[in-house]
Amino acid sequence: MNKLTFRSSKGKILFIIIVLVIAFVGVQFIHPEIKNPPVTADFVAPPDVSAIIKRACYDCHSNETNLSWYDKIAPVYWGVAAHVKQGREGLNFSNWKKMAPADQKAKLWEIVNQIAAGAMPIKSYELVHPAAKVSSEDFAVLKKYVKEMAPKNKPEDTAKTNAVTKQYKQWQNGKIMVSSLPKALNGITYIPDYKNWQAISTTERFDNGTMRVIFANDIAVKAIKDDNIHPWPNGAIFAKVAWDQNEDKDGNVKTGAFKQVEYMIKDDQKYSSTKGWGFARFKTPKMVPYGKTLLFANECINCHRPQKDADFVFTQPIKH
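Residues numbered from 1 in each chain as written. Predicted model: local features only at pLDDT ≥ 70, side-chain atom pairs only at ≥ 80, totals over all residues. Heavy atoms only, no water.

Caption draft 1: Spatial organisation of the overall build of the protein. Each helix and strand counted, the protein has nine helices and six strands in total. The burial tally for the protein puts 40% of its 320 residues in the buried class. The long-range fraction of contacts in the protein, counting pairs at least 24 apart against all pairs at least 6 apart in sequence, stands at 63%. Total accessible area computed for the protein in this model is approximately 19100 Å², and 59% of it derives from carbon and sulfur atoms. (Helix = DSSP H or I, 4+ residues; strand = E, 2+ residues; numbered from the N terminus. Buried < 20%, exposed > 50% of the residue type's maximum accessible area, 1.4 Å probe, protein only. Contact = heavy atoms within 4.5 Å. Areas by Shrake-Rupley, 256 points an atom, 1.4 Å probe, with all protein chains shown as cover.)

Caption draft 2: Representation of helix α2 (residues 47-61). The end-to-end C-alpha distance of α2, which contains 15 residues, comes to just 18 Å, noticeably less than the 21 Å that a straight helix rising 1.5 Å per residue would cover. Along α2, the sharpest kink reaches roughly 45 degrees, centred on R55. Where α2 is buried, its residues touch α3 (76-90), α5 (123-128) and α6 (136-149). (Expected span 1.5 Å × (residues − 1). Bend = angle between axes of the 7 residues up to and from the residue.)

Caption draft 3: Spotlight on the sheet that holds strand β2 (residues 210-216). In spatial order, the strands read β1-β2-β3-β4-β5-β6; together these six strands make up an open sheet with antiparallel pairing. The sheet terminates laterally at β1 (198-205) and β6 (288-289), the two strands that pair on one side only. Sheet analysis places strand β5 (residues 277-283) next to β6, joined by two bridges and oriented antiparallel. By the bridge assignment for β6, F282 is matched with P289. (Pairing = 2+ DSSP bridges.)

Caption draft 4: Quick peek at the nonpolar core. With 22 residues, the main nonpolar core has F43, V49, I53, F93, L108 and L142 as its most contacted residues. For this core, the secondary-structure elements that each account for two or more residues are α2, α4 (101-116) and α6. With six residues, α2 is the largest single contributor of residues to this core. With near-sequence residues (within four places) excluded, F93 lies in contact with A41, D42, F43, I53, C57, Y58, H61, S62 and I111. (Core = buried A, V, L, I, M, F, W, Y, C linked by side-chain atoms within 4.5 Å.)

Caption draft 5: Representation of the pattern of salt bridges. All told, the structure shown has ten salt bridges when counted by the stated rule. Where D244 meets K259, a salt bridge forms, and the shortest distance between an N and an O atom there is 3.9 Å. Here D244 is found in strand β3 (residues 237-247), whereas its partner K259 is found in strand β4 (residues 253-266), with 15 residues between them in sequence. Residue K259 is classed as partly exposed on the basis of its relative accessible area of 35%. Put simply, E262 and R281 hold a salt bridge, and the shortest N to O gap is 2.9 Å. (Salt bridge = Lys/Arg side-chain N within 4 Å of Asp/Glu carboxyl O.)

Caption draft 6: Quick peek at the packing of α2 against α3. Following both chains from N to C, one finds α2 and α3 inclined at 100 degrees, their axes separated by 7 Å at the closest point. Compared by their axis directions, α2 and α3 come out roughly perpendicular. Residues D59, C60 and H61 of α2 form the contact with α3, whose participating residues are H83, V84, G87 and R88. Among the residues forming the contact of α2 with α3, the class breakdown is two nonpolar, three polar and two charged. (Axes fitted to C-alpha atoms, helices over the stretch in contact; angles between N-to-C directions. Parallel < 35°, antiparallel > 145°, perpendicular 65-115°, else oblique. Nonpolar A, V, L, I, M, F, W, Y, C, P; charged D, E, K, R; others polar.)

Caption draft 7: The arrangement of the packing of α2 against α6 in detail. For the pair α2 and α6, the least separation of the axes is 10 Å and the interaxial angle reads 120 degrees. Judged on the interaxial angle alone, α6 and α2 are oblique. Crossing angle aside, the handedness with which α2 passes α6 is left-handed. Between α2 and α6, the contacting residues are D48, V49, I52, I53 and R55 on the first element and D138, V141, L142 and Y145 on the second. Of the residues contributing to the contact of α2 with α6, the split by class is six nonpolar, no polar and three charged. (Left-handed = near helix turned anticlockwise from the far one by under 90°.)

Caption draft 8: Fine view of the packing of aromatic side chains. This model, assessed by the stated rule, comprises 13 aromatic pairs. Ring plane angle 65 degrees and centroid distance 5.7 Å describe the contact between Y190 and F282, whose orientation is recorded as edge-to-face. Separated by 92 residues along the polypeptide, Y190 in the loop between α7 (158-172) and β1 and F282 in strand β5 bring together distant segments of the chain. Residue class for Y190 comes out buried when judged on its relative accessible area of 5%. The buried category is assigned to F282, whose relative accessible area is 0%. On the numbers, 6.3 Å between centres and 85 degrees between planes, the contact of Y290 with F296 is edge-to-face. Classification of F296 by relative accessible area gives buried; the value is 2%. An aromatic cluster of at least three residues, connected via ring pairs, comprises Y190, Y194, F215, Y263 and F282. The positively charged end of R205 is found above the aromatic ring belonging to W109, 3.9 Å away from the centroid. (Phe/Tyr/Trp six-rings, centres within 6.5 Å; stacked < 30°, edge-to-face > 60°. Lys NZ or Arg CZ within 6 Å of the ring centre and 35° of its normal.)

Caption draft 9: Representation of the pairing of β1 in the model. Relative to β2, β1 runs antiparallel, the two sharing seven bridges. When the sheet's bridge partners are listed, T203 is paired in β2 with R212. Taken together, β1 and the strand that follows it, β2, pair antiparallel across an intervening segment of four residues, in which G209 is found at a positive phi of about 70 degrees.

The analysis is restricted to geometry; functional conclusions fall outside its scope.
Here it is in C-alpha coordinates:
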(Lines give C-alpha, C1' and ligand atoms only; values in the text may rest on other atoms or scores of the structure.)
Protein backbone atom coordinates (compact mmCIF):
# COMPACT_ATOMS: atom_id res chain seq x y z
CA MET A 1 0.00 0.00 0.00
CA ASN A 2 1.53 3.34 -1.01
CA LYS A 3 1.33 6.49 1.08
CA LEU A 4 -1.42 8.00 -1.05
CA THR A 5 -3.64 4.92 -0.67
CA PHE A 6 -2.93 4.79 3.09
CA ARG A 7 -3.88 8.45 3.50
CA SER A 8 -7.04 7.88 1.45
CA SER A 9 -8.10 4.91 3.63
CA LYS A 10 -7.29 6.83 6.79
CA GLY A 11 -9.35 9.73 5.53
CA LYS A 12 -12.35 7.49 4.84
CA ILE A 13 -12.18 5.95 8.33
CA LEU A 14 -11.96 9.42 9.88
CA PHE A 15 -14.93 10.58 7.80
CA ILE A 16 -17.01 7.55 8.91
CA ILE A 17 -16.12 8.20 12.56
CA ILE A 18 -17.14 11.86 12.24
CA VAL A 19 -20.47 10.88 10.61
CA LEU A 20 -21.15 8.34 13.38
CA VAL A 21 -20.36 10.87 16.09
CA ILE A 22 -22.64 13.47 14.48
CA ALA A 23 -25.41 10.86 14.12
CA PHE A 24 -24.98 9.79 17.76
CA VAL A 25 -25.17 13.37 18.97
CA GLY A 26 -28.12 14.03 16.70
CA VAL A 27 -30.26 11.17 18.02
CA GLN A 28 -29.87 12.51 21.55
CA PHE A 29 -32.33 15.23 20.59
CA ILE A 30 -34.99 12.62 19.74
CA HIS A 31 -36.26 12.20 23.28
CA PRO A 32 -39.86 11.06 23.93
CA GLU A 33 -40.75 12.60 27.27
CA ILE A 34 -41.26 10.41 30.35
CA LYS A 35 -43.49 12.37 32.69
CA ASN A 36 -43.85 11.62 36.40
CA PRO A 37 -47.36 12.82 37.35
CA PRO A 38 -48.16 13.41 41.05
CA VAL A 39 -48.63 10.27 43.14
CA THR A 40 -52.11 10.30 44.63
CA ALA A 41 -52.94 6.68 45.44
CA ASP A 42 -49.64 4.91 46.12
CA PHE A 43 -49.15 1.23 46.92
CA VAL A 44 -49.39 0.39 50.61
CA ALA A 45 -47.99 -2.79 52.15
CA PRO A 46 -45.76 -3.93 55.03
CA PRO A 47 -42.29 -2.30 54.84
CA ASP A 48 -40.47 -5.44 53.65
CA VAL A 49 -42.99 -6.03 50.84
CA SER A 50 -43.10 -2.37 49.85
CA ALA A 51 -39.30 -2.17 49.69
CA ILE A 52 -39.10 -5.11 47.26
CA ILE A 53 -41.87 -3.77 45.03
CA LYS A 54 -40.36 -0.28 44.88
CA ARG A 55 -36.87 -1.56 44.11
CA ALA A 56 -37.92 -4.10 41.49
CA CYS A 57 -41.00 -2.55 39.89
CA TYR A 58 -41.37 1.19 40.38
CA ASP A 59 -39.11 2.40 37.55
CA CYS A 60 -41.53 0.96 34.96
CA HIS A 61 -44.74 0.59 36.98
CA SER A 62 -45.21 3.87 38.82
CA ASN A 63 -45.11 7.64 38.46
CA GLU A 64 -41.76 7.61 40.26
CA THR A 65 -39.55 6.49 37.38
CA ASN A 66 -35.92 7.11 38.31
CA LEU A 67 -33.59 6.85 35.32
CA SER A 68 -29.88 6.12 35.59
CA TRP A 69 -27.54 8.23 33.47
CA TYR A 70 -27.10 5.41 30.96
CA ASP A 71 -30.89 5.05 30.62
CA LYS A 72 -31.00 8.60 29.25
CA ILE A 73 -28.71 7.94 26.30
CA ALA A 74 -30.40 7.22 22.96
CA PRO A 75 -31.10 4.73 21.53
CA VAL A 76 -31.29 2.97 24.95
CA TYR A 77 -33.64 5.71 26.14
CA TRP A 78 -36.18 4.88 23.43
CA GLY A 79 -36.51 1.32 24.71
CA VAL A 80 -36.75 2.54 28.31
CA ALA A 81 -39.50 5.02 27.38
CA ALA A 82 -41.46 2.24 25.65
CA HIS A 83 -41.07 -0.07 28.67
CA VAL A 84 -42.32 2.65 31.03
CA LYS A 85 -45.32 3.42 28.82
CA GLN A 86 -46.31 -0.24 28.54
CA GLY A 87 -45.54 -0.90 32.19
CA ARG A 88 -47.79 1.88 33.46
CA GLU A 89 -50.59 0.79 31.14
CA GLY A 90 -50.51 -2.71 32.60
CA LEU A 91 -50.01 -1.71 36.24
CA ASN A 92 -49.29 1.62 37.89
CA PHE A 93 -48.56 1.38 41.61
CA SER A 94 -49.12 5.13 41.91
CA ASN A 95 -52.82 4.46 41.23
CA TRP A 96 -53.00 1.39 43.48
CA LYS A 97 -55.60 2.67 45.93
CA LYS A 98 -57.99 3.47 43.07
CA MET A 99 -58.33 -0.27 42.37
CA ALA A 100 -60.98 -2.42 44.03
CA PRO A 101 -59.61 -4.72 46.78
CA ALA A 102 -60.33 -7.82 44.66
CA ASP A 103 -58.43 -6.29 41.73
CA GLN A 104 -55.51 -5.48 44.03
CA LYS A 105 -55.33 -9.12 45.14
CA ALA A 106 -55.52 -10.28 41.53
CA LYS A 107 -52.65 -7.98 40.54
CA LEU A 108 -50.50 -9.19 43.42
CA TRP A 109 -51.20 -12.78 42.35
CA GLU A 110 -50.17 -11.87 38.80
CA ILE A 111 -46.95 -10.31 40.10
CA VAL A 112 -46.02 -13.45 42.02
CA ASN A 113 -46.91 -15.58 38.99
CA GLN A 114 -44.82 -13.49 36.61
CA ILE A 115 -41.81 -13.49 38.90
CA ALA A 116 -42.11 -17.28 39.31
CA ALA A 117 -42.24 -17.66 35.52
CA GLY A 118 -39.12 -15.50 35.14
CA ALA A 119 -41.07 -12.94 33.10
CA MET A 120 -40.57 -10.11 35.57
CA PRO A 121 -38.46 -8.11 36.04
CA ILE A 122 -37.61 -8.09 32.34
CA LYS A 123 -34.22 -9.76 31.98
CA SER A 124 -32.72 -7.11 29.69
CA TYR A 125 -33.65 -4.46 32.28
CA GLU A 126 -32.40 -6.55 35.19
CA LEU A 127 -29.07 -7.07 33.42
CA VAL A 128 -28.20 -3.37 33.59
CA HIS A 129 -30.17 -2.69 36.80
CA PRO A 130 -29.04 -5.51 39.13
CA ALA A 131 -30.77 -3.87 42.10
CA ALA A 132 -34.11 -4.80 40.49
CA LYS A 133 -33.38 -8.52 40.77
CA VAL A 134 -35.88 -10.42 42.93
CA SER A 135 -33.95 -12.94 45.00
CA SER A 136 -35.42 -16.22 46.26
CA GLU A 137 -35.72 -14.59 49.69
CA ASP A 138 -37.57 -11.61 48.17
CA PHE A 139 -39.89 -13.95 46.30
CA ALA A 140 -40.69 -15.87 49.49
CA VAL A 141 -41.65 -12.59 51.21
CA LEU A 142 -43.98 -11.59 48.36
CA LYS A 143 -45.57 -15.02 48.07
CA LYS A 144 -46.20 -15.20 51.82
CA TYR A 145 -47.83 -11.75 51.76
CA VAL A 146 -50.16 -12.68 48.89
CA LYS A 147 -51.10 -16.01 50.47
CA GLU A 148 -51.98 -14.31 53.75
CA MET A 149 -54.39 -12.03 51.87
CA ALA A 150 -56.17 -14.93 50.19
CA PRO A 151 -59.54 -16.17 51.45
CA LYS A 152 -59.17 -19.25 53.62
CA ASN A 153 -60.94 -22.40 52.51
CA LYS A 154 -63.31 -23.63 55.19
CA PRO A 155 -64.09 -27.36 55.16
CA GLU A 156 -67.71 -27.95 54.16
CA ASP A 157 -68.30 -24.22 53.70
CA THR A 158 -72.09 -23.83 53.84
CA ALA A 159 -72.17 -20.74 51.63
CA LYS A 160 -70.15 -22.43 48.88
CA THR A 161 -72.16 -25.64 49.13
CA ASN A 162 -75.41 -23.70 48.86
CA ALA A 163 -74.09 -21.72 45.88
CA VAL A 164 -73.25 -24.80 43.81
CA THR A 165 -76.53 -26.50 44.83
CA LYS A 166 -78.48 -23.42 43.73
CA GLN A 167 -76.65 -23.34 40.39
CA TYR A 168 -77.37 -27.01 39.79
CA LYS A 169 -81.09 -26.62 40.53
CA GLN A 170 -81.33 -23.58 38.25
CA TRP A 171 -79.61 -25.54 35.50
CA GLN A 172 -82.01 -28.47 36.00
CA ASN A 173 -85.00 -26.14 35.80
CA GLY A 174 -83.69 -24.43 32.68
CA LYS A 175 -83.41 -21.06 34.41
CA ILE A 176 -79.82 -20.43 33.41
CA MET A 177 -79.82 -21.86 29.91
CA VAL A 178 -78.12 -19.70 27.31
CA SER A 179 -80.76 -19.33 24.58
CA SER A 180 -78.51 -17.43 22.16
CA LEU A 181 -74.73 -17.36 22.10
CA PRO A 182 -73.51 -14.17 23.78
CA LYS A 183 -70.88 -12.09 22.05
CA ALA A 184 -68.06 -9.99 23.52
CA LEU A 185 -67.57 -6.39 22.39
CA ASN A 186 -64.69 -7.43 20.12
CA GLY A 187 -66.95 -9.86 18.26
CA ILE A 188 -65.81 -13.11 19.89
CA THR A 189 -68.77 -15.40 20.46
CA TYR A 190 -69.12 -17.74 23.42
CA ILE A 191 -67.98 -21.24 22.37
CA PRO A 192 -69.95 -23.89 24.28
CA ASP A 193 -68.05 -26.75 22.65
CA TYR A 194 -65.05 -26.15 24.92
CA LYS A 195 -66.58 -28.81 27.21
CA ASN A 196 -65.59 -31.41 24.62
CA TRP A 197 -62.00 -30.19 24.27
CA GLN A 198 -58.95 -31.75 25.87
CA ALA A 199 -57.75 -30.47 29.24
CA ILE A 200 -54.08 -29.46 28.94
CA SER A 201 -53.31 -27.86 32.29
CA THR A 202 -54.69 -26.64 35.60
CA THR A 203 -54.01 -23.64 37.75
CA GLU A 204 -55.05 -22.31 41.15
CA ARG A 205 -55.90 -18.74 42.05
CA PHE A 206 -55.10 -18.59 45.75
CA ASP A 207 -55.91 -14.86 45.71
CA ASN A 208 -59.63 -15.50 45.20
CA GLY A 209 -60.11 -19.17 46.10
CA THR A 210 -60.82 -20.49 42.61
CA MET A 211 -59.53 -23.47 40.67
CA ARG A 212 -59.16 -23.47 36.90
CA VAL A 213 -58.83 -25.95 34.07
CA ILE A 214 -57.42 -24.97 30.68
CA PHE A 215 -58.96 -26.73 27.68
CA ALA A 216 -57.55 -26.65 24.13
CA ASN A 217 -59.20 -27.18 20.76
CA ASP A 218 -57.92 -29.74 18.22
CA ILE A 219 -55.55 -27.26 16.54
CA ALA A 220 -53.91 -26.36 19.85
CA VAL A 221 -53.67 -30.01 20.92
CA LYS A 222 -51.97 -30.93 17.61
CA ALA A 223 -49.56 -28.03 18.07
CA ILE A 224 -48.62 -29.39 21.49
CA LYS A 225 -48.01 -32.88 20.10
CA ASP A 226 -45.91 -31.44 17.25
CA ASP A 227 -44.08 -29.04 19.60
CA ASN A 228 -45.31 -26.22 17.38
CA ILE A 229 -46.05 -23.66 20.06
CA HIS A 230 -43.36 -21.01 19.40
CA PRO A 231 -45.51 -19.37 18.16
CA TRP A 232 -48.86 -21.09 18.43
CA PRO A 233 -50.55 -21.63 15.05
CA ASN A 234 -53.52 -19.59 13.89
CA GLY A 235 -56.77 -21.25 14.91
CA ALA A 236 -55.48 -22.45 18.28
CA ILE A 237 -58.00 -21.71 21.03
CA PHE A 238 -57.78 -22.05 24.81
CA ALA A 239 -60.67 -21.97 27.25
CA LYS A 240 -59.82 -21.34 30.89
CA VAL A 241 -62.74 -22.32 33.13
CA ALA A 242 -62.96 -21.19 36.76
CA TRP A 243 -64.93 -22.63 39.67
CA ASP A 244 -64.99 -22.01 43.40
CA GLN A 245 -62.84 -24.38 45.44
CA ASN A 246 -64.99 -26.50 47.73
CA GLU A 247 -63.25 -28.46 50.47
CA ASP A 248 -64.75 -31.43 52.32
CA LYS A 249 -64.08 -32.41 55.94
CA ASP A 250 -61.15 -34.61 54.86
CA GLY A 251 -59.39 -31.75 53.05
CA ASN A 252 -60.25 -32.94 49.54
CA VAL A 253 -60.85 -30.06 47.12
CA LYS A 254 -63.40 -30.21 44.31
CA THR A 255 -65.12 -27.79 41.98
CA GLY A 256 -67.85 -25.61 43.41
CA ALA A 257 -69.98 -22.94 41.75
CA PHE A 258 -69.07 -21.97 38.18
CA LYS A 259 -67.49 -18.52 37.95
CA GLN A 260 -66.43 -17.81 34.36
CA VAL A 261 -64.80 -19.00 31.15
CA GLU A 262 -62.07 -17.08 29.34
CA TYR A 263 -60.92 -17.60 25.74
CA MET A 264 -57.66 -16.94 23.94
CA ILE A 265 -57.96 -17.27 20.14
CA LYS A 266 -54.87 -17.12 17.92
CA ASP A 267 -55.15 -15.17 14.68
CA ASP A 268 -52.08 -13.03 14.02
CA GLN A 269 -53.89 -10.94 11.38
CA LYS A 270 -57.31 -10.41 12.92
CA TYR A 271 -55.94 -9.69 16.40
CA SER A 272 -52.67 -8.02 15.46
CA SER A 273 -53.38 -5.10 17.83
CA THR A 274 -53.29 -7.50 20.78
CA LYS A 275 -50.21 -9.44 19.68
CA GLY A 276 -52.13 -11.98 17.60
CA TRP A 277 -54.53 -13.13 20.31
CA GLY A 278 -58.24 -12.44 20.67
CA PHE A 279 -59.50 -12.35 24.25
CA ALA A 280 -62.99 -12.80 25.67
CA ARG A 281 -64.46 -13.57 29.08
CA PHE A 282 -67.97 -14.72 29.96
CA LYS A 283 -69.04 -14.55 33.60
CA THR A 284 -71.62 -16.49 35.65
CA PRO A 285 -73.72 -19.36 34.24
CA LYS A 286 -75.59 -16.79 32.13
CA MET A 287 -72.32 -16.12 30.26
CA VAL A 288 -72.37 -12.33 30.64
CA PRO A 289 -69.62 -10.80 28.41
CA TYR A 290 -66.90 -8.98 30.35
CA GLY A 291 -65.91 -5.43 29.49
CA LYS A 292 -67.59 -2.06 29.10
CA THR A 293 -65.52 -0.93 26.11
CA LEU A 294 -63.30 -2.53 23.47
CA LEU A 295 -60.31 -1.59 25.60
CA PHE A 296 -60.97 -4.61 27.82
CA ALA A 297 -58.79 -6.65 25.43
CA ASN A 298 -55.88 -4.31 26.20
CA GLU A 299 -56.21 -5.27 29.86
CA CYS A 300 -55.72 -8.89 28.87
CA ILE A 301 -52.70 -8.43 26.62
CA ASN A 302 -51.04 -6.07 29.11
CA CYS A 303 -51.24 -8.85 31.67
CA HIS A 304 -49.82 -11.38 29.19
CA ARG A 305 -47.16 -9.05 27.76
CA PRO A 306 -44.34 -10.33 30.02
CA GLN A 307 -44.81 -13.76 28.41
CA LYS A 308 -43.72 -12.49 25.00
CA ASP A 309 -41.10 -15.23 24.66
CA ALA A 310 -43.82 -17.86 25.18
CA ASP A 311 -46.12 -16.23 22.59
CA PHE A 312 -47.94 -14.45 25.44
CA VAL A 313 -49.24 -17.71 26.97
CA PHE A 314 -48.81 -18.11 30.72
CA THR A 315 -49.91 -21.66 31.39
CA GLN A 316 -47.77 -24.09 29.48
CA PRO A 317 -49.27 -27.48 28.55
CA ILE A 318 -48.63 -30.46 30.81
CA LYS A 319 -46.14 -32.78 29.13
CA HIS A 320 -47.09 -36.44 29.01
